[in-house]
Amino acid sequence: MDMPAPNASVLARKAGIVARLRAVLPADAVIDADESLRAYECDALSAYRCAPLAAVLPRTTAEVSAVLKVCHEEGVPVVPRGSGTSLAGGAMPSADAVILGVARMNAVLEVDYPNRFIRVQSGRTNLSVTGAVETDGFFYAPDPSSQLACAIAGNIAMNSGGAHCLKYGVTTNNLLGVTLVQMDGTVVDVGGPFMDAGGIDLLGVICGSEGQLGVVTEAWLRILPKPEGARPVLMGFDANEVAGACVSDIIKAGVLPVAIEFMDRPCIEACEAFAKAGYPMCEALLIVEVEGSPAEIDAQLALIKDIARRHNPVELREAQSEDEAKRIWLGRKSAFGAMGQINDYMCLDGTIPVSALPHVLRRIGEMSRECGLDVANVFHAGDGNMHPLILYDANKPGDLERCEAFGAEILKLCVEVGGCLTGEHGVGIEKRDLMTVQFAPEDLEAQMRVKDVFDPKWLLNPAKVFPLAASAGRRAG
Amino acid sequence: MRPETESELAEAVRGARGPLVVRGGGTRSLGMPAGEVLETGGMSGITLYEPGALTLVARAGTPLAEVEATLAAEGQRLAFEPPDLRGLLGRAGESTLGGVVAANASGPRRVQVGACRDFLLGVRFVDGGGQVIKNGGRVMKNVTGYDLVKLLAGSHGTLGVLTEVSLKVLPASAAEATVVLDGLDDAAAVDAMARALGSPFEVTGAAHWPGQGTFLRVEGLAAQVDYRAAQLQAMLGGRTVAQGPWADIRDVAAFRGQPGDVWRLSVKPSDAPGLVARAGALGCLYDWAGGLVWLLMAPDADLRAQLGAFHGHATLVRGHGAPVFQPEPAPVAALTAGLRARFDPRGVFNAGLMA
């Protein structure tokens, strides 16, 4: 993984740049000491590290604007950072970059139940958005696994998803508007507490632009009334193909579950050992969850269980209590942690058409045997978003490289069957150089034009998303 | 011009000597851009439909009716409920799927499931330089690169000509019912609709049609529909009917054949009654729980001037007395203009529209 050489002129001017940042921010909001900067040298893609030039922690939109104005004038790259939970290296700095962390901007600005929105500062964590409204019976729907820690700013930058997006959609479907600070310090409101764009849908392209178009400081988020209840059912099958066919039949049937999660045998074994959720030992496990009143849940699950029975499940178990439901989900939600206990792993995030599931799982199995690295599969089956976990040993020389090469092959397979490189984690630095697998040069050119408009000098998170060769001419400017 | 293929279309754009008017079926286009008409209807046909993956891919010129019939045969539908505005706008012709996407045309169910743009998975389009570009794909979760899909949805042909679109589709509901509240004034109706949408009963349509009633739709399995309608009635009163006037609400049938300009107002729902009172309209229809208000105004009455500053936007859908789209604040307008300049440097597409 290459990063461009840092701008020597910026490195040489560090003292002057830091002085200018101090002039526009409170004393405690500028960090430039080497030992303190270490906290910002990586995000959750911790295999790659680089300390930034400096880090700033503004508290207001006006302070963000002032910081960006200084950096724009000085030609300093800026890497926005939410909580640093990106799995794709979205918040990894370069040595010549200022990290702009929004963690201190975590206030709730407005809660409006009649119009069903909340306006927050973007450093607020995902779960604490729900926390602000849940006693009144509302919630914020996107629920990435890192929701305890991850910030709304990062959710918007990466268009984060979660386990329940089969019904509720991802961030972009739950985002009404943002306050965006452009690289030159200009502050704009895009969207607001209304349901569509008055012109070109700029909000749609801002969401998921990985911090390359501007810094989102405030957001209007759609909140929803909490369902009366929810209940999962566990289904075990003796082959991945059968589980895949069952998923397809369920979503075709007209009952829309909130989630359909899939785990294969290696993952089931690890989760069971870790969480003791009572999972059956089988080749493939589905967790299907539906919502509503108790009677509504019964009606939906009856239909779903009928479909499952047609596929000869080896296990078919409805949660009988709140506690059992919690344990079923605990197993799934601790999947990454459970795998982490036994191995180092790399988590992939490609999406495939649901119909390609059996073929892709079979190919991954074959590839795994060919390259000698085990894979555990856990993913959001309803929408085809896969999370193959490739197990490797970080202490074994060459293993990480082998693992990355294998991962790249799996992602190419996803694209080959009509899917994409990343369903919810983002491109960052991790998949940057695979973008040419999915996109022709003119497709990438069209995307880069958008950045040209928002950030003509290419100073915001510049070495991400696009292959370095493709963005070279622009970044040099 | 009516190209039959994407490459013919690209060729036609490259060879254009003057402005082009991009047109699907011409059934919902706004404004009156000048130039040679470039029709997409020649590029027709569903190229992929996987009911088990809830995905449909079709060429942009495919008739909407063909798409809806194909989906209906599998018990599925376009959940965002695209309106048929032919009656309202006095147009003939056949709506195309590309036209629906270009207008981000979304009906009453938008409040529950999202707009057309939320169901749009991928696009292929030809930009102003005649270059074919693809973005997104045909899978439901995709954050690979920038989301130009959303940018193209609702761009009314100003950034590129759509040649193919991929959509997420949903199963049609097994049952539906509508709770009708009679005799509410606008403010009470908006309040009731807010309470309904703030409940867990998954309201899929919330509209107030002055003189006709306030309508709340629920859909799902038969057991769910009965339960939800009963709960809503217990909460708000009213009566339950099997079928509400949803097609008429969706298509703004109330203003059909009525003289005057038609405006579409997108606002915070609770602001709507106050704004309507200021508008001095001849008629109004609240959809999206008040978030969308259709207004019938005297010819050439400028709604924006009438309302003064407000949070939201107004679009002139039928009439000529004002710019079609709400003027944007300068820095936002600069971003929009910058995108247009880069996607269509010669300014050939729908000149003057959305500018």
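Just so it is clear, the model here is predicted, and its values are computed rather than measured. (Residues numbered from 1 in each chain as written. Chains lettered and ligands numbered in written order. Predicted model: local features only at pLDDT ≥ 70, side-chain atom pairs only at ≥ 80, totals over all residues. Heavy atoms only, no water.)

This brings us to the overall build of chain B. Within chain B one finds 13 helices and 17 strands. Its C-alpha atoms give chain B a radius of gyration of 20 Å, near enough to 20 Å, the size a compact globule of 355 residues would have. If you line up chain B on its principal axes, its C-alpha atoms span 60 × 50 × 35 Å. Looking at chain B as a whole, 61% of its 355 residues are labelled buried. Partitioning the intrachain contacts of chain B with sequence separation of at least 6 by distance along the chain shows that 69% fall at a separation of at least 24. Here chain B has roughly 11,800 Å² of accessible surface; of this, 51% comes from carbon and sulfur atoms. Positive and negative side-chain charges of chain B, numbering 32 and 34 respectively, have mean locations separated by a distance of 4 Å. (Helix = DSSP H or I, 4+ residues; strand = E, 2+ residues; numbered from the N terminus. Rg over C-alpha atoms; globule rule 2.2 N^0.38 Å. Buried < 20%, exposed > 50% of the residue type's maximum accessible area, 1.4 Å probe, protein only. Contact = heavy atoms within 4.5 Å. Areas by Shrake-Rupley, 256 points an atom, 1.4 Å probe, with all protein chains shown as cover. Lys, Arg positive; Asp, Glu negative; His and termini not counted. Charge placed at Lys NZ, Arg CZ, Asp CG, Glu CD.)

With that out of the way, let us pick up the sheet that holds strand β12 (residues 230-237) of chain A. Residues and elements named next belong to chain A. Spatial strand order, β15-β12-β14-β13-β17-β18-β16: 7 strands in an open sheet with antiparallel pairing. The open sheet is flanked by β15 (315-318) and β16 (344-347), the only strands paired with a single partner. For this sheet, the mean inter-axis angle between neighbouring strands, taken without regard to orientation, is 15°. Strand direction decides the pairing type here: strand β13 (residues 259-264) and strand β14 (residues 284-291), joined by 6 bridges, are antiparallel. (Pairing = 2+ DSSP bridges. Axes fitted to C-alpha atoms, helices over the stretch in contact; angles between N-to-C directions.)

Attention shifts here to helix α2 (residues 14-24) of chain A. Residues and elements named next belong to chain A. Those residues of α2 not exposed but buried are Ile17, Val18 and Leu21. Buried residues of α2, viewed axially, fall in a sector of 95°; they line one side. Turned more than 90 degrees off the buried face of α2, the exposed positions are Ala15 and Ala23. Taken together, the buried residues of α2 touch α1 (8-12), β1 (30-31), β2 (54-56), α4 (61-74) and β4 (98-101). (Arc of directions from axis to C-beta.)

Turning next to the packing of aromatic side chains. Taken as a whole and assessed by the stated rule, the structure comprises 9 aromatic pairs over all chains. Each ring, one from Phe139 of chain A and one from Tyr168 of chain A, has its centre 5.4 Å from the other, and the planes form 80°; the classification is edge-to-face. With Phe139 of chain A in strand β7 (residues 138-139) and Tyr168 of chain A in helix α7 (residues 165-168), this residue pair connects regions lying 29 residues apart in the sequence. We classify Tyr168 of chain A as buried; its relative accessible area is 11%. One aromatic cluster is present, built from ring pairs that chain together Trp458 and Phe466 of chain A together with Tyr146 of chain B. The lysine or arginine in question, Arg449 of chain A, covers the ring of Phe343 of chain B, its NZ or CZ lying 4.9 Å from the ring centre. (Phe/Tyr/Trp six-rings, centres within 6.5 Å; stacked < 30°, edge-to-face > 60°. Lys NZ or Arg CZ within 6 Å of the ring centre and 35° of its normal.)

Another point: unusual backbone geometry. Of note in the backbone geometry, Val465 of chain A takes a positive phi value of approximately 65° without being a glycine. The class of Val465 of chain A is buried, set by a relative accessible area of 0%.

Listed by partner, the interface residues are 91 residues for chain A and 74 residues for chain B. Run the count over chain A and chain B and you get 8 salt bridges. In this structure, the salt-bridge partner of Lys134 of chain B is Asp443 of chain A, at a minimum N-O distance of 2.7 Å. Counting the contacts that link chain A with chain B gives 25 residue pairs in polar contact (both at pLDDT 80 or more). In terms of residues, the side of chain A that touches chain B owes the most to one element, helix α17 (residues 441-454) of chain A, which gives 10 residues. Considered class by class, the residues forming the side of chain A that touches chain B number 40 nonpolar, 31 polar and 20 charged. (Salt bridge = Lys/Arg side-chain N within 4 Å of Asp/Glu carboxyl O. Polar contact = N/O pair within 3.5 Å; in protein donor to acceptor, adjacent residues only side chain to side chain. Nonpolar A, V, L, I, M, F, W, Y, C, P; charged D, E, K, R; others polar.)

Residue and element names in this part refer to chain A. Taken together, 4 strands build an open sheet; the order of strands is β1-β2-β4-β3 and the sheet is mixed. Every other strand in the sheet has two partners, leaving β1 and β3 (78-81) as the edge strands with one partner each. Sheet analysis places β2 next to β4, joined by 3 bridges and oriented parallel. In the sheet register, Val56 faces β4, and the bridge partner there is Leu100. Along the sheet, α4 makes contact with β2, β3 and β4, crossing β4 at roughly 165°.

Looking now at the pairing of strand β14 (residues 261-267) of chain B. Residues and elements named next belong to chain B. Within β14, 7 of the 7 residues are buried, which leaves it mostly tucked inside the rest of the structure. Burial along β14 is two-sided: the face carrying Asp261, Trp263, Leu265 and Val267 and the face carrying Val262, Arg264 and Ser266 are both buried. Sheet topology places β14 next to strand β16 (residues 292-297); 6 bridges connect them, and they run antiparallel. Within β16, the residue paired with Arg264 across the bridge is Trp294.

Moving on, we come to the domain arrangement of chain B. By convention, interface size is frequently given as the accessible area that disappears when the constituent parts associate. Residues and elements named next belong to chain B. Taken domain by domain, chain B consists of domain 1 (6-171), domain 2 (175-250) and domain 3 (253-318). Distance between the C-alpha centres of domain 1 and domain 3: 26 Å. Contact with domain 1, which involves 9 residues of that partner, is made by 10 residues of domain 3. Between domain 1 and domain 3 lies a buried interface of about 850 Å² when both sides are counted; carbon and sulfur atoms form 71% of it. (Domains from an automatic or database assignment. Buried area = accessible area lost by both parts, 1.4 Å probe.)

Next up on the list: helix α2 (residues 64-73) of chain B. Residues and elements named next belong to chain B. Listed in full, the buried residues belonging to α2 are Leu64, Val67 and Leu71. Buried positions in α2, seen along its axis, are confined to an arc of 65° and lie on one side of it. Looking at α2, the residues exposed on the side facing more than 90 degrees away from the buried face are Ala72 and Ala73. On the buried face of α2, the contacting elements are β3 (46-50), β4 (55-59), β5 (76-77) and α4 (97-102). A positive backbone phi angle near 70° is found at Gly75, which sits one or two residues after α2.

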